[in-house]
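Each chain, written out:
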Amino acid sequence: MGALLDGIYDGDMTIQEVLEHGDFGLGTFNQLDGEMVILDGVCYQLHADGTVNRADLQARTPFAAVTWFRADHVFDLDAPTDRAGLTAAVDARIESANLIYAVRISGHFSRIHTRTVSRQTRPYRGFTEATKNQSETVLEDTSGVMAGFRMPDYEQGISVAGYHLHFLDAAHARGGHALDFQITAARVEISVRSDLHLSLPTTAEFLNAHLDRADLDADIGRTEGG
């Protein structure tokens, strides 16, 4: 994630290789070409123009977080709940803030505000600049799945500390990075993870990236809507 801030938008891992490590997750694609959602072993590419397709297995990614999703905790939200209410409900059920949690929220949303990054061309701008022109959409009265992770604070820069969620509607036709939302009713599943496998790119751009920036937290917060 820290490399994205430095404008490193081309990785060397294919989507096929990513799916060897999990059936659930999120990320982006080379050239920052849209948002990634992985559900039930299928990788979807959500484009800035609003279209969605199954990702080409030979496409590559500079950043993805995936796991084998097996629910350890399940609960239902049967009253209107906003982002703060959801995160508080999940936080109340987890064992420790120092573990990794994959979170899947399936249900109906009265409103969900999403963004989708646009494909970049060289010379690449840094991530904070690139996301200034992101495509934002507000979906109303829609059903679908939010997929993502609650990461420990110490993983900031490797991934996104705290909650990082992407949305895909039930028709697999719309979605994006979830900025804000109002849940009508949903089922929440939490998968507890205590192992982390990190595969780093070996591209020349990554090897020369500036990864120890002092403003890491602030920049990730700006780009992720935190």
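Please refer to the structure higher up on the page.
Residues numbered from 1 in each chain as written. Predicted model: local features only at pLDDT ≥ 70, side-chain atom pairs only at ≥ 80, totals over all residues. Heavy atoms only, no water.

1. Some thoughts on the layout of surface pockets
As a volume, the largest pocket reaches approximately 960 Å³. If you tally residues by element for the lining of the largest pocket, the top one is strand E7 (residues 64-67), at four residues. Classifying every residue of the lining of the largest pocket gives 23 nonpolar, nine polar and four charged. (1 Å grid on protein atoms, 1.4 Å probe; cavity = no way out; pocket = protein on both sides within 12 Å on 5 of 7 lines; lining within 4 Å. Points joined across faces, edges and corners; volume = space filled by probe spheres on them. Helix = DSSP H or I, 4+ residues; strand = E, 2+ residues; numbered from the N terminus. Nonpolar A, V, L, I, M, F, W, Y, C, P; charged D, E, K, R; others polar.)

2. Quick word on a nonpolar patch on the surface
Together, Ile158, Leu196, Leu198 and Leu200 make up an exposed nonpolar region whose accessible area comes to about 370 Å². When you line up the elements, Leu198 lands in the loop between strand E13 (175-193) and helix H5 (204-207). (Patch = residues over 30% accessible without salt bridge, like charges linked within 9 Å, V, L, I, M, F, W, Y side chains within 5 Å. Areas by Shrake-Rupley, 256 points an atom, 1.4 Å probe, with all protein chains shown as cover. Salt bridge = Lys/Arg side-chain N within 4 Å of Asp/Glu carboxyl O.)

3. Section: helix H3 (residues 83-91)
Within H3 the residues assigned to the buried category are Leu86, Thr87, Ala89 and Val90. The buried residues of H3 occupy an angular sector of 160 degrees when the element is viewed end-on, so they sit on one face. Elements that come into contact with the buried residues of H3 comprise strand E8 (73-77), strand E9 (81-82), strand E10 (100-116), strand E11 (135-151), strand E12 (162-169) and E13. Measuring from the backbone nitrogen of Ala84 back to the side-chain oxygen at the start of H3 gives 3.3 Å, which picks out Asp82 as the cap. (Buried < 20%, exposed > 50% of the residue type's maximum accessible area, 1.4 Å probe, protein only. Arc of directions from axis to C-beta. Contact = heavy atoms within 4.5 Å. Polar contact = N/O pair within 3.5 Å; in protein donor to acceptor, adjacent residues only side chain to side chain.)

4. Section: unusual backbone geometry
Each neighbour pair has its own omega, and for Arg122 with Pro123 the value is -5 degrees, a cis peptide bond. Within the fold, Pro123 resides in the loop between E10 and helix H4 (127-130). Even without a glycine there, the phi angle at Gln31 is positive, about 65 degrees. Summarising the element assignment, Gln31 is placed in the loop between strand E2 (24-28) and strand E3 (35-39). Judged by its relative accessible area of 28%, Gln31 is partly exposed. In the Ramachandran plot, Asp40 falls in the positive-phi region, its phi being about 50 degrees despite a non-glycine side chain. In this fold, Asp40 is placed in the loop between E3 and strand E4 (42-46).

5. Some words on the pattern of salt bridges
Applying the stated rule across the entire model yields 13 salt bridges. With its nearest N and O atoms 2.7 Å apart, the salt bridge here joins Arg122 to Asp10. On the criterion of sequence distance, the pair formed by Arg122 in the loop between E10 and H4 and Asp10 in the loop between helix H1 (2-5) and strand E1 (13-14) is long-range, its members being 112 residues apart. In this structure Arg122 comes out as exposed when scored by relative accessible area, which is 52%. Classification of Asp10 by relative accessible area gives buried; the value is 17%. The residue Arg222 makes a salt bridge to Asp219 at a minimum N-O spacing of 2.2 Å. Here Asp219 and Arg222 lie together in helix H6 (residues 216-224), a separation of three residues that amounts to about one turn. Arg222 sits in the exposed class, given a relative accessible area of 55%. Through salt bridges that share partners, Arg213, Asp215, Asp219 and Arg222 make up one connected network.

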